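Spelled out, the chains give:
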Amino acid sequence: MFQIDMTSRKSIYEQVVDNIKELIMTDVLAQGSKLPSVRELSRDLTINPNTVQKAYRELEREGFVYTTAGVGTFACDKTKLRPDPRRIEEIEKEILSALKALQYLGLSHEEAKNIVIAVIEEDRK
């Protein structure tokens with residue numbers, strides 16, 4: 001499915017969450033697709049099962065997956081996801097901070113904005 005970067009600053013749990021979100025949002029995991037069991041995924045990634053369980057709980061809390069007792073964990077319908085307004089605000093602040101950092105390097109506001117737009121366009125490919 002994906003790999004964990006042990007040298008990343010991001011925790012293993014966050015990497016699992018982000019990777020599964022990406023698989024759902026890119027339709028690699030379609031609505032209703034069954035995710036590997038906690039044991040299977042922890043074995044495949046060679047990580048602690050508690051880490052996978054924590055990631056699955058977070059994904060369920062955020063609405064990306066649902067769990068049926070005794071059956072498994074499944075991908076939800078991504079069109080029904082509702083973004084967290086607080087998280088959107090946090091990300092807006094991060095983007096503004098990156099824009100200012102580019103300006104502190106001597107770029108004009110327009111040049112910095114064009115870099116941000118170019119990054120967005122590159123991500124769409």
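Everything that follows concerns the structure shown earlier in this document.
Residues numbered from 1 in each chain as written. Predicted model: local features only at pLDDT ≥ 70, side-chain atom pairs only at ≥ 80, totals over all residues. Heavy atoms only, no water.

### As for the layout of surface pockets
Unfilled space is identified by rolling a water-sized probe across the atoms.
Consideration 1: Considered as a void within the structure, the largest pocket measures approximately 640 Å³ in volume.
Consideration 2: Taken together, the residues of the lining of the largest pocket sort by class into seven nonpolar, no polar and twelve charged. (1 Å grid on protein atoms, 1.4 Å probe; cavity = no way out; pocket = protein on both sides within 12 Å on 5 of 7 lines; lining within 4 Å. Points joined across faces, edges and corners; volume = space filled by probe spheres on them. Nonpolar A, V, L, I, M, F, W, Y, C, P; charged D, E, K, R; others polar.)

### Description of helix 4 (residues 85-104)
Consideration 1: Helix length check: helix 4, at 20 residues, gives a terminal C-alpha distance of 29 Å against a target of 28 Å (1.5 Å per residue), a fit within 8%.
Consideration 2: The N-terminus of helix 4 is capped by D84, whose side-chain oxygen sits 3.0 Å from the backbone nitrogen of R86.
Consideration 3: Among the residues trailing helix 4, G106 stands out with phi positive, at a value near 105°. (Helix = DSSP H or I, 4+ residues; strand = E, 2+ residues; numbered from the N terminus. Expected span 1.5 Å × (residues − 1). Polar contact = N/O pair within 3.5 Å; in protein donor to acceptor, adjacent residues only side chain to side chain.)

### Section: the nonpolar core
Consideration 1: F2, V16, I20, L41 and Y56 are the most contacted members of the largest nonpolar core, which totals 22 residues.
Consideration 2: The set of elements that each furnish at least two residues to this core consists of helix 1 (12-25), helix 2 (38-45) and helix 3 (49-62).
Consideration 3: For this core, the leading source of residues is helix 1, giving six residues.
Consideration 4: When sequence neighbours within four positions are dropped, the list of residues in contact with L41 reads M1, F2, V16, I20, P36, V52 and Y56. (Core = buried A, V, L, I, M, F, W, Y, C linked by side-chain atoms within 4.5 Å. Buried < 20%, exposed > 50% of the residue type's maximum accessible area, 1.4 Å probe, protein only. Contact = heavy atoms within 4.5 Å.)

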